[in-house]
Amino acid sequence: MSTPTDAAATAPNTDAAPADAPGTQAILADGRESANRSVLCQLLHNPLADICLLIVAAVVLTAVFAPLLARYGPNVTDLAATNAAPGTPGHPLGGDGSGRDILSRLIWGSRQTVISCLLMLGVSLAVGVSSGLVAGFYRGRFETTAGFVTDVLMSLPSIILLIALYAVTGPNIPVMMAVFGLLTAPTYYRLVRSVVVSVRNELYVDAARVVGLSDARIIGRHILWAVRAPVVIQGAFILASGIGTEAGMSFLGLGDPAGVSWGVMLQVSFNGIYNNPVAVVWPALVISVTILALILLGNALSDALQASARSRTVTVRQRRDALEATITAHRDDAVAAPDPQAAVSIRGLRVGYTTDSGFREVVHGIDLDVRKGEIHGLVGESGSGKSQIAFSILGILPKEALKLGGVITIDGVDVLADETAMRATRGRKVAYVPQEPMSNLDPSFTIGKQLAYGMRAVTNLSKDQVRERTISLLHSVGIDDAERVMGLYPHEISGGMAQRVLICGALACDPDVIVADEPTTALDVTVQAEVLDLLRELARERGLAMIFVTHNLGVVADLCDTVSVMKDGEIIETQDVESLFAHPREEYTRDLLSSSLSVELMEVES
Ligand SMILES: Nc1ncnc2c1ncn2[C@@H]1O[C@H](COP(=O)(O)OP(=O)(O)OP(=O)(O)O)[C@@H](O)[C@H]1O
């Protein structure tokens, strides 16, 4: 069962909606305005980013089309234009001290500035990204050596180094910028290395290794994809620092006086500042505006990428359209009242998603009642919607899920419609036993701390009372040396014990309802049997209503009192377990039973 990326903590919104489907008015009011946009769309919807993009694009286009745009050559002089004021005919921004047209020189200057900065970025990318990839992926000696070189390079004062370089190369801006690119490469190295280290052991990378992909293909296909966003964002900042450095070096007189760049223009105009102070303004302005645009663009890009990395979200319009379509389609459906005797009662639950291929309803108006003391199995093929029901009861549907209708009453309160009621219920009246015991425990805290933290969040018990209760709960789930286990970290206990700890956490608040999501799937057969026995005992002792999501009909036969069979988002059959196994009503249930039997026979034979 998939885990939602985020609990559905939704903020109220006041959009009107048709109210004649069960639970829809309240659900719509619970909707959250959010955007479902690609990174580019997110960027384009940010006015500041649009302006920055326009500025950067204008600079690049000016550099590319400089020969067409500039009215004069970069070094063409006209004595009449010497120190001409802005607005002089033929010289909109005036002329410099040598009678050269300032606007034309700015246009030509953009070319050298852009080329120098791209050269610097290219060197920085080539050295920093490739060494970061290799160091992060292979680690070992290369990483140690590269780390040392990086530290050395980062400790060097780049401007001083570039000034020293001038003594060797003379006024050679391309070489200077290439060296500056080398000096900024450590920034990329560190960034890329840390991203690669964090993804190299991901399961999908292991899977790629297992299917036989070469390292080069794994890096090209999976690792580079993971580093692309930080590399692009960092690129904007590095370009900005490149423009600043080029201008600074030229301003110090280390640029090529025969060439024309914004930095050289700044230096030349500064030399004649007393005769023509306005001439300094233009190069200073374009340098500042371009640097500012690049930095703001980098920030906007970072925001857009972060937003798109969060789960897919749905606009109010999409939510409303989906709701209206659902209401229209099911206007005449009869919906029974919730069962007041049930610990949890579901009526007409509908859940959907907006995907790239359009809206899709995945739970189609299901009804379900589970009474106190009843263990109810929820079975069905993968993708049939079991998890959506479990998540709906727990109020942890992903943000992008559309709650299209229905009622879920727990203790007489419709928790589906009321997020506050859901929060008050979750962890107190309804608890959850997840599928993967290890990944549901925080590796940074001891078992005792994690259990105590959860307990203190939902009860008013003192520290000592919490400790006492934790010990007694650990005993009740069959952990005898409770005090020792409380001091252990998750990696120090077995999977079976971790699952017992999670069961203990679920029981901490003395809930009425437990949703168990395939809680034994990750365990070996012997431990599975122990955990099932434990759940059965606890449910009987405490009179719990338990919804047990599973694929395993053997477990259902062993543990459950009643069972619902799901297919394509619908409950097609609900019976007590014995009747279902003896007289399945639906063809699909018969197929499910016989396929499960064949699997078991195959297991026995092998
Ligand atoms: N975030 C999502 N976006 C789009 N569709 C989703 C999303 N989460 C689930 N679905 C769809 O909802 C349907 C039901 O999924 P669900 O996870 O409830 O199935 P399941 O019966 O629990 O399957 P399994 O036993 O494999 O966990 C599936 O078709 C699935 O593709």
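Calculation criteria
- Residues numbered from 1 in each chain as written.
- Predicted model: local features only at pLDDT ≥ 70, side-chain atom pairs only at ≥ 80, totals over all residues.
- Heavy atoms only, no water.
- Helix = DSSP H or I, 4+ residues; strand = E, 2+ residues; numbered from the N terminus.
- Rg over C-alpha atoms; globule rule 2.2 N^0.38 Å.
- Buried < 20%, exposed > 50% of the residue type's maximum accessible area, 1.4 Å probe, protein only.
- Contact = heavy atoms within 4.5 Å.
- Areas by Shrake-Rupley, 256 points an atom, 1.4 Å probe, with all protein chains shown as cover.
- Lys, Arg positive; Asp, Glu negative; His and termini not counted.
- Charge placed at Lys NZ, Arg CZ, Asp CG, Glu CD.
- Salt bridge = Lys/Arg side-chain N within 4 Å of Asp/Glu carboxyl O.
- Expected span 1.5 Å × (residues − 1).
- UniProt positions renumbered as here; feature names shortened; annotations may be inferred.
- Pairing = 2+ DSSP bridges.
- Axes fitted to C-alpha atoms, helices over the stretch in contact; angles between N-to-C directions.
- Patch = residues over 30% accessible without salt bridge, like charges linked within 9 Å, V, L, I, M, F, W, Y side chains within 5 Å.
- 1 Å grid on protein atoms, 1.4 Å probe; cavity = no way out; pocket = protein on both sides within 12 Å on 5 of 7 lines; lining within 4 Å.
- Points joined across faces, edges and corners; volume = space filled by probe spheres on them.
- Nonpolar A, V, L, I, M, F, W, Y, C, P; charged D, E, K, R; others polar.
- Core = buried A, V, L, I, M, F, W, Y, C linked by side-chain atoms within 4.5 Å.

As annotated in an unreviewed UniProt entry, the protein chain carries the name ABC transporter and is attributed to Actinomyces ruminis.

Caption draft 1: A look at the overall build of the protein chain. Helix and strand counts for the protein chain come out as 23 helices and 10 strands. The C-alpha atoms of the protein chain give a radius of gyration of 33 Å, which is well past the 25 Å a tight globule of 606 residues would have. Oriented by its inertia axes, the alpha-carbon framework of the protein chain measures out at about 105 × 60 × 55 Å. Within the protein chain, buried positions represent 47% of all 606 residues. Considering only intrachain contacts with a sequence separation of at least 6, the fraction spanning at least 24 residues in the protein chain is 69%. Total accessible area computed for the protein chain in this model is approximately 28,500 Å², and 59% of it derives from carbon and sulfur atoms. Taken together, the 46 basic and 63 acidic charged side chains of the protein chain have centroids lying 7 Å from each other.

Caption draft 2: Structural context of the environment of F137. Take F137: it is sitting in helix 5 (residues 102-138). For F137, a relative accessible area of 4% corresponds to the buried category. Along the chain, F137 and S564 lie 427 residues apart, while their C-alpha atoms are 48 Å from each other. Sequence-distant contacts of F137, that is, excluding residues within four places in its chain, are made with V196, R200, R209, D215, I218, I219 and I223.

Caption draft 3: Representation of the pattern of salt bridges within the structure. In the structure shown here, the tally under the stated rule is 21 salt bridges. The shortest N-O distance in the salt bridge between D96 and R100 comes to 3.0 Å. A single burial state applies to D96 and to R100, both of which are buried. Beyond isolated ion pairs, a larger network of salt bridges with shared partners links D96, R100 and R105.

Caption draft 4: Quick look at helix 5. The end-to-end C-alpha distance of helix 5, which contains 37 residues, comes to 52 Å, matching closely the 54 Å that a straight helix rising 1.5 Å per residue would cover. Residue R139 follows helix 5 closely and has a positive phi angle near 55 degrees.

Caption draft 5: A look at the UniProt feature "domain: ABC transmembrane type-1" (unreviewed entry) in the protein chain. The feature "domain: ABC transmembrane type-1" (unreviewed entry), as given by UniProt, occupies residues 110-298 in the numbering adopted here. Along residues 110-298 one finds 85% helix and 0% strand; the C-alpha atoms at either end are 20 Å apart.

Caption draft 6: Just the sheet that holds strand 9 (residues 562-567), in detail. The sheet built from 6 strands is open, its strands ordered 6-7-8-3-9-10 with mixed pairing. On the outer flanks of this sheet lie strand 6 (430-433) and strand 10 (570-576), each paired with one strand and no other. Sheet twist, expressed as the mean angle between neighbouring strand axes with direction ignored, is 20 degrees. Taken strand by strand, helix 14 (residues 386-394) contacts strand 3 (375-380), strand 6, strand 7 (513-517), strand 8 (545-549) and strand 9, and its axis lies near 140 degrees from that of strand 6.

Caption draft 7: Representation of a nonpolar patch on the surface in the model. Taken together, the side chains of V60, L61, V64, F65, L68 and L69 make up a nonpolar region of the molecular surface, amounting to roughly 580 Å² of accessible area. At the level of secondary structure, the elements contributing two or more residues to the nonpolar patch comprise helix 3 (47-64) and helix 4 (66-69). When residues in the nonpolar patch are grouped by element, the largest group, 3 residues, is from helix 3. With respect to the helices and strands, F65 occurs in the loop between helix 3 and helix 4. Judged by relative accessible area, which is 40%, F65 ranks as partly exposed.

Caption draft 8: Highlighting the sheet that holds strand 5 (residues 413-414). The 4 strands lie next to each other as 2-1-4-5, forming an open sheet whose pairing is antiparallel. Two strands in the sheet have a free side with no partner beyond their single neighbour: strand 2 (358-371) and strand 5. Across 8 bridges, strand 1 (residues 342-355) lies against strand 4 (residues 401-410) in antiparallel orientation. Residue pairing in the sheet places R350 in a bridge with G405 of strand 4. Here helix 13 (residues 316-329) sits on the sheet in contact with strand 1, strand 2 and strand 4, set at roughly 65 degrees to strand 4. Across the sheet, helix 14 lies against strand 1, strand 2 and strand 4, angled at about 115 degrees from strand 1, the strand it touches most.

Caption draft 9: Structural context of empty space enclosed by the protein. Enumeration over the complete set of coordinates arrives at 4 cavities of 30 Å³ or more. Considered as a void within the structure, the largest cavity measures approximately 60 Å³ in volume. Looking at the largest cavity, it is lined by 11 residues, and the ones nearest its centre are S392, G395, K403, L416 and M422. Within the residue set of the lining of the largest cavity, elements represented by two or more residues are helix 14 and helix 15 (419-425). Classifying every residue of the lining of the largest cavity gives 7 nonpolar, 2 polar and 2 charged.

Caption draft 10: Representation of the nonpolar core in the model. Judged by nonpolar contacts, the single largest core of 53 residues is most densely connected at L133, V192, V196, I218 and I223. Counting residues per element, the ones that place at least two in this core are helix 3, helix 5, helix 8 (173-199), helix 9 (203-210), helix 10 (215-251), helix 11 (262-271) and helix 12 (278-309). Residue contacts for V196: discarding those within four places in its chain leaves G132, L133, G136, F137, I223 and V227. Counting residues in hydrophobic clusters, the runner-up holds 52 residues, among them V477, L535, F548 and L553.

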